[in-house]
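Here is what each chain is made of, one letter per residue.
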Amino acid sequence: MNNQYDAIVIGGGHNGLVAAAYLARAGKKTLVLEKRYLVGGASVTEEIFPGFKFTVFSYVVSLFRPEIIRELNLPAHGLTILPLESTLTPTLDGRDYLYRDGDHYQTLRNIARFSQRDADAYDEYARYMYFMAKAVRYIMGIIPPDPTTFNPKDMMGLVDMARHFLNLDQDQLYVLAKLMTMSAADFVEQWFESEPLKATLSASGIIGTFLGPRSPGTAYVLLHHYMGEIDGAYRAWGFHKGGTGGLAQTLARAAEAQGAEIRCNAGVSKVLVKNGRAYGVVLENGDEIHAPLVLSSLDPKQTFLNLVEPNQLPDDLVGAVRRFQTLGSSGKVNLALDRLPELACRPGPGRHLAGAISMSPNLDIIEQAYDDAKYGNFSRRPYMDVIIPSMIDPDMAPPGKHVMSCFVQYAPYKLADGEWTDEKREAFGDAVVNVLETAFPDIKDIILHRQVLTPVDIERTTGITQGNIFHGELNLSQLFFLRPAAGYAKYRTPIKGYYQCGSGTHPGGGIMGAPGRLGALEALKGGH
Amino acid sequence: MPLPTPFHTRTSAVCESYEWRNWSGYLSAGIYEMSHDREYYAIRNSAALIDVSPLYKYEITGPDAARLVDRVITRDVTRQKIGQIYYTPWCDSDGKVIDDGTVSRLDTNHFRITSADPNWRWFKDVGYGLNADVVNVSDDLAALSLQGPRSRAILQEVVSGIDFANLKYFHLAHGQVEGFPITVTRTGYTGDLGYELWVRPEYAERLWDRLIEHGTGHDILPAGIIPMDIARVEAGLIMIAVDYISSQHAVIESQKSSPYEIGLGWAVSPRKGDFIGRRALAKERERGSLWGFVGVQYDWATLERLFAEEDLPPHVAGRASRSAVPVYEAGNSSHHIGQITTHTFSPVLKQYIGIGTLLNPHTQIGNRVDVEVTVEFKRKRCPATIVPTPFFDPPRKKA
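Participant: I would appreciate a short explanation of the packing of aromatic side chains in the present structure.
Facilitator: To describe a pair of aromatic rings, one takes the distance between the centres and the angle between the planes. All names here are of chain A. Counted according to the given criterion, the structure contains 25 aromatic pairs over all chains. With centroids separated by 5.2 Å and ring planes inclined at 75°, the aromatic side chains of Tyr-125 and Trp-191 adopt a geometry described as edge-to-face. You can see Tyr-125 sitting in helix H4 (residues 116-140) and its partner Trp-191 sitting in the loop between helix H7 (184-189) and helix H8 (195-203), a full 66 residues away along the chain. Taking relative accessible area as the criterion, Trp-191 reaches 11% and is therefore assigned buried. A ring pair is formed by Trp-420 and Phe-428, whose centres lie 5.9 Å apart and whose planes are at 70°; its orientation type is edge-to-face. On the basis of relative accessibility, which here comes to 13%, the residue Trp-420 falls in the buried class. Grouped by ring-pair contacts, the aromatic residues Tyr-122, Tyr-125, Tyr-128, Phe-187, Trp-191 and Phe-192 constitute a single cluster. Over the aromatic face of Tyr-5 sits the side chain of Lys-29, whose NZ or CZ is 4.5 Å from the ring centroid. When the ring centre of Tyr-99 is taken as origin, the NZ or CZ atom of Arg-346, which lies over that ring, is 5.0 Å away.

Participant: Just to check I follow, could you spell out the packing of helix H6 (residues 170-181) of chain A against helix H9 (residues 218-226) of chain A for this structure?
Facilitator: The description of two packed helices rests on the angle between their axes and on the distance between the axes. Residue and element names in this part refer to chain A. Direction vectors running N to C along H6 and H9 enclose 110°, while the axes themselves pass 4 Å from each other. The angle between H6 and H9 places the two elements in the roughly perpendicular class. Taking contact as the criterion, the partners of Leu-176, Lys-178, Leu-179 and Met-180 in H6 are, on H9, Ala-219, Tyr-220 and Leu-223. Of the residues that constitute the contact of H6 with H9, the class distribution is six nonpolar, no polar and one charged.

Participant: Sorry, what's going on with the nonpolar core here?
Facilitator: Note on soluble globular proteins: their nonpolar side chains tend to be buried together. Residues and elements named next belong to chain A. Counting residues in hydrophobic clusters, the biggest one holds 100 residues, and the most contacted among them are Met-384, Met-404, Cys-406, Leu-436 and Phe-440. The biggest single contributor to this core is helix H14 (residues 422-439), with seven residues. Filtering out sequence-adjacent residues up to four positions away, Met-384 remains in contact with Ile-357, Ser-358, Met-359, Cys-406, Phe-407, Val-408, Val-432, Val-435 and Leu-436. In terms of nonpolar packing, the next biggest core, distinct from the first, is built from 43 residues, Met-129, Val-188, Leu-201 and Phe-480 among them.

Participant: Help me understand the pattern of salt bridges, please; the structure alone is not making it clear to me.
Facilitator: Summed over all chains, the structure comprises 58 salt bridges over all chains. Of the charged contacts, one joins Arg263(A) and Glu261(A) as a salt bridge, the two residues approaching to 3.8 Å between their closest N and O atoms. We classify Glu261(A) as partly exposed; its relative accessible area is 33%. Linking Glu372(B) and Arg379(B) is a salt bridge whose minimum nitrogen-to-oxygen distance equals 3.5 Å. For Glu372(B), a relative accessible area of 12% gives the class buried. Several salt bridges converge on common partners, so that one network encompasses Asp101(A), Arg351(A), Glu16(B), Glu33(B) and Arg38(B).

Participant: Could you clarify how one ought to interpret the packing of H4(A) against H9(A) in this entry?
Facilitator: Residue and element names in this part refer to chain A. For the pair H4 and H9, the least separation of the axes is 9 Å and the interaxial angle reads 80°. Considering the angle they form, H4 stands roughly perpendicular to H9. The residues of H9 that touch H4, namely those facing Tyr-125, Met-129, Met-132, Ala-133 and Val-136, are Leu-222, Leu-223 and Tyr-226. Taken together, the residues that form the contact of H4 with H9 break down as eight nonpolar, no polar and no charged.

Participant: I'm lost on the environment of Leu283(A) in this one. Help?
Facilitator: All names here are of chain A. By the secondary structure assignment, Leu-283 is in strand E13 (residues 277-283). On the accessibility criterion, Leu-283 (4% relative accessible area) is buried. A sequence separation of 221 residues divides Leu-283 from Gly-504, and the C-alpha atoms of the two residues are 23 Å apart. Sequence-distant contacts of Leu-283, that is, excluding residues within four places in its chain, are made with Leu-33, Arg-263, Ala-266, Gly-267, Val-268, Ser-269 and Ile-289.

Participant: Teacher, can you tell me more about the pairing of strand E18 (residues 383-387) of chain A here?
Facilitator: Residue and element names in this part refer to chain A. Among the five residues in E18, five count as buried, and that is most of the element. With five bridges joining them, E18 and strand E19 (residues 402-409) adopt antiparallel strand pairing. Looking at the pairing, Tyr-383 lines up with Gln-409 of E19.

Participant: Can you help me understand the interface of chain A and chain B in this one?
Facilitator: Interface extent is often summarised as the accessible area lost during association of the parts. At the interface, 30 residues of chain A touch 26 residues of chain B. Taken together, chain A and chain B are joined by four salt bridges. Connecting chain A to chain B are nine residue pairs in polar contact (both at pLDDT 80 or more). If you list the elements that add at least two residues to the side of chain A that touches chain B, you get helix H2 (66-71), strand E5 (81-83), H4 and strand E9 (233-234) of chain A. Looking at the side of chain A that touches chain B residue by residue, the classes come out as 15 nonpolar, five polar and 10 charged.

Participant: How should the sheet that holds strand E7 (residues 110-115) of chain B be read in this particular structure?
Facilitator: Residues and elements named next belong to chain B. Spatially, the five strands line up as an open sheet ordered E5-E6-E7-E4-E8, and their pairing is antiparallel. Each of the sheet's edge strands pairs with one partner strand only, and the pair in question is strand E5 (85-91) and strand E8 (133-136). Geometrically, the sheet is characterised by an average inter-axis angle of 30° between neighbouring strands, direction not taken into account. In this sheet, strand E6 (residues 97-107) lies alongside E5 in antiparallel orientation, the contact comprising seven bridges. Directly across from Tyr-87, in E6, lies its bridge partner Thr-102. Contacting strand E4 (56-61), E5, E6, E7 and E8, helix H3 (residues 65-72) crosses the sheet at an angle of about 30° to E7.

Participant: Help me understand the side chain of His352(A), please; the structure alone is not making it clear to me.
Facilitator: Residues and elements named next belong to chain A. As for its placement among the helices and strands, His-352 is situated in the loop between strand E16 (330-337) and strand E17 (356-359). Here the side chain of His-352 touches Arg-346 through a polar contact of 3.4 Å, landing on its backbone oxygen. When near neighbours in sequence (up to four residues on either side) are disregarded, His-352 contacts Ser-86, Leu-88, Tyr-99, Leu-343, Arg-346 and Ile-357.

Participant: How do you make sense of the domain arrangement of chain A when you look at a structure like this?
Facilitator: All names here are of chain A. Domain annotation for chain A reports domain 1 (7-43 + 60-81 + 241-325 + 466-525), domain 2 (122-193 + 204-221) and domain 3 (330-411 + 414-453). Placing a centre on the C-alpha atoms of domain 1 and another on those of domain 3 gives a separation of 31 Å. Contacts between the two partners involve six residues from domain 1 and, on the opposite side, eight residues from domain 3. Between domain 1 and domain 3, roughly 430 Å² of surface is buried when both sides are summed, and carbon and sulfur atoms account for 56% of that area. Linking domain 1 with domain 3 are two salt bridges, by the criterion used here. Taken together, the connections running from domain 1 to domain 3 amount to three residue pairs in polar contact (both at pLDDT 80 or more). Residues that form the side of domain 1 that touches domain 3 fall into these classes: two nonpolar, three polar and one charged.

Participant: In this structure, what is going on with the pairing of strand E1 (residues 7-10) of chain A? I would like to understand it.
Facilitator: Both faces of the sheet carry side chains from a regular strand, because those side chains alternate between them. All names here are of chain A. Going residue by residue along E1, you find Ala-7 and Val-9 tucked away on one face and Ile-8 and Ile-10 tucked away on the opposite face as well. In this sheet, strand E2 (residues 30-33) lies alongside E1 in parallel orientation, the contact comprising four bridges. Its bridge partner being in E2, Ala-7 is matched across the sheet by Thr-30. Handedness of the crossover is the feature at issue here: the chain leaves E1, passes through helix H1 (residues 14-25), returns alongside E2, and the resulting connection is right-handed. Bridging between E1 and strand E15 (residues 293-296) involves four bridges; their strand directions are parallel. Each residue of the ladder has a partner; that of Ile-10, found in E15, is Ser-296.

About the thresholds
Residues numbered from 1 in each chain as written. Chains lettered and ligands numbered in written order. Predicted model: local features only at pLDDT ≥ 70, side-chain atom pairs only at ≥ 80, totals over all residues. Heavy atoms only, no water. Phe/Tyr/Trp six-rings, centres within 6.5 Å; stacked < 30°, edge-to-face > 60°. Helix = DSSP H or I, 4+ residues; strand = E, 2+ residues; numbered from the N terminus. Buried < 20%, exposed > 50% of the residue type's maximum accessible area, 1.4 Å probe, protein only. Lys NZ or Arg CZ within 6 Å of the ring centre and 35° of its normal. Axes fitted to C-alpha atoms, helices over the stretch in contact; angles between N-to-C directions. Parallel < 35°, antiparallel > 145°, perpendicular 65-115°, else oblique. Contact = heavy atoms within 4.5 Å. Nonpolar A, V, L, I, M, F, W, Y, C, P; charged D, E, K, R; others polar. Core = buried A, V, L, I, M, F, W, Y, C linked by side-chain atoms within 4.5 Å. Salt bridge = Lys/Arg side-chain N within 4 Å of Asp/Glu carboxyl O. Pairing = 2+ DSSP bridges. Polar contact = N/O pair within 3.5 Å; in protein donor to acceptor, adjacent residues only side chain to side chain. Domains from an automatic or database assignment. Buried area = accessible area lost by both parts, 1.4 Å probe. Right-handed = clockwise from strand over helix to strand, strands pointing away.

In structure tokens, the structure reads:
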């Protein structure tokens, strides 16, 4: 086996694959090393129960950068993002619901059933979010300049950015400032009063975080989920054909088409460093592979504390990474269903089951779910974002059968009463199904198989530290030039030839690909 | 007043948008839902059920049926096998295209022709003196198009008596659905795996119901002609009265087109026996055609920039536009070289694409041209490249 390459990418998740494609495209002989039997990392689709395909961890796409789609010609390699345009929020008793979809006026009428005021405010809110998404879209494509240095490049970057934001009018700048600092609940309450709408909109602000909808800072996370863009339409969400594993396969084919090589079942145990310069990696089986460029798409703790010896790094970085908040808070429950489940509030099949079903009846329920987590318990009545992938893509389950994907919060990585056990995991799974039952009374009768994943399971399977789906909280304190650590936010590391390209770098998590692309472009610049 | 098709009780029950189109005098759903996305993706991802009953349909029978059809169309009927289907144009005696459609050879001397315009009189006139009958069966046949990767799986559950694994692209077979007869042709207007289903109108509703019933597990959706329009551009398929004008409707000579000028040169068999337009087309081959058919891909980076000039994101995703736009020689806006007649954002390709006609030799693959785009009422020019069609051509189409 050839063991000399120009570039090695550690981790075959979506960012690792994107990075590899860009490196190979630039003519580098590139190798991706993935510890599991398949690529994808947290973007995998697996047939956990015969005939039923689970989009195991991540499940929807929106944030994926359009420039990557075109630069790597992903449509030619199978990119297919199917529309997921509706959101249905059942009320607490499951008897009523708020439904929003592409039928604009019907959506306004549906909102008006809960509050005429909210219906009237809906378009204004959407317009502000459009401005915000447009404003921050710029940041997604740049290497974050550091405001604390007097490096001319950083200064120029800051000037560019300032110029960009000064294009916003005053009103919009205020909204942006609020988004950066407020809680998601306070933010949406500036417009809305009805519970199902407020709770469902604010829920975007807690996804993947260890915060509640009333915690300051969550408005930014809400914005993070609005930055997605499909075909020029902001905040559009989609489902990749075959699940997010389908997207990973697309990226793998694109990387291979550029000449990259992908090796699965090849976990990396250490990055080889000599005289402050990386020169390759050692695999878990002891094999050495050499390359002058080594990129880690793993999370910052893996990248800096496990793959290299902390004594090879400056103390400030080691300290910052150790303090980097990574506590996972999200769980996932995947169900194989014998038939299409039936909503009590809207019986029968229909396209409302081909969109998102948000178990967010009111703000208090979500905040209370967070209260449980705050004190080290999984939520007794968790918040959930549910989709039925087989209603969107017939390849996910046999005809007439279905799969259901439930993203669940909160399931803290650390429990107050000791480790996660099989019993606790199943109790968590029961809590999830009990909440589902409030909306789908028949759900318990039709479950053929149940897969319950806690942050500990996410960590065990994917390797992501503490199972944090974003590789680290999306707090303002951990974003932009502070992600993952002040002074180390530009994909480089103090070790020459060793780069970062994972979600723990700017602009952060979600299936975005931007860290992979920007990390690879920075590595290609070289120069140190 | 447009008339209902034989499927109207079913299509009207699910047409939430009330966006009906008048297709040859029949009510045809433009889209069923309020936005076209799901119906479009049904074509590419699962299965789309499209009512195509308004097509004109003719049956030609009699001892001279094959001779008549051979005189009408530009393809060679003597080589057409029973059960085979031709897609073909037909021309006037000047070699200008009157219409295009499919010709199914049901038997040695039994043909079924579909067309976009009425053609009964033309077929009768061409057949003057031949012992063949031309019957307009438009109202005797209800037609459904089932398109998409799951179309075969659904038909295998619904239709008996047909070996779908061996029903080849552009071939037909006869079967039964609950005892009533059905003809299945492996044809369509989407460039995907797909079939068209032909039954007597009295069976139309039962056919629809069975397809929906068995298709639900395959995520079938009724789809209107607006999403189909996007798919047909991706497939590089032209539409009469949009991408070319029938020589029988043209009011000036320059509006007429030969098959060579609309991308159907491959469907002209110069060595077959005499047919209408043969001599004119032979002459055109000698001296070369004035126009040629092209597919263009817009330069996305420029398109983004043109929108950014107005402080807008590249908001282009939507329906296919049938408003023709002028095309200029690259970098030379005073030299008009043709037009893009249909253009659309392609959701599967993530590119903005178009089809049209350009003066030769600007039609060469790889040639760069400037296409007019309008952003905020301002006319701008976007560079585009001539690319081969179909733009989207999945292996499953013919597999």
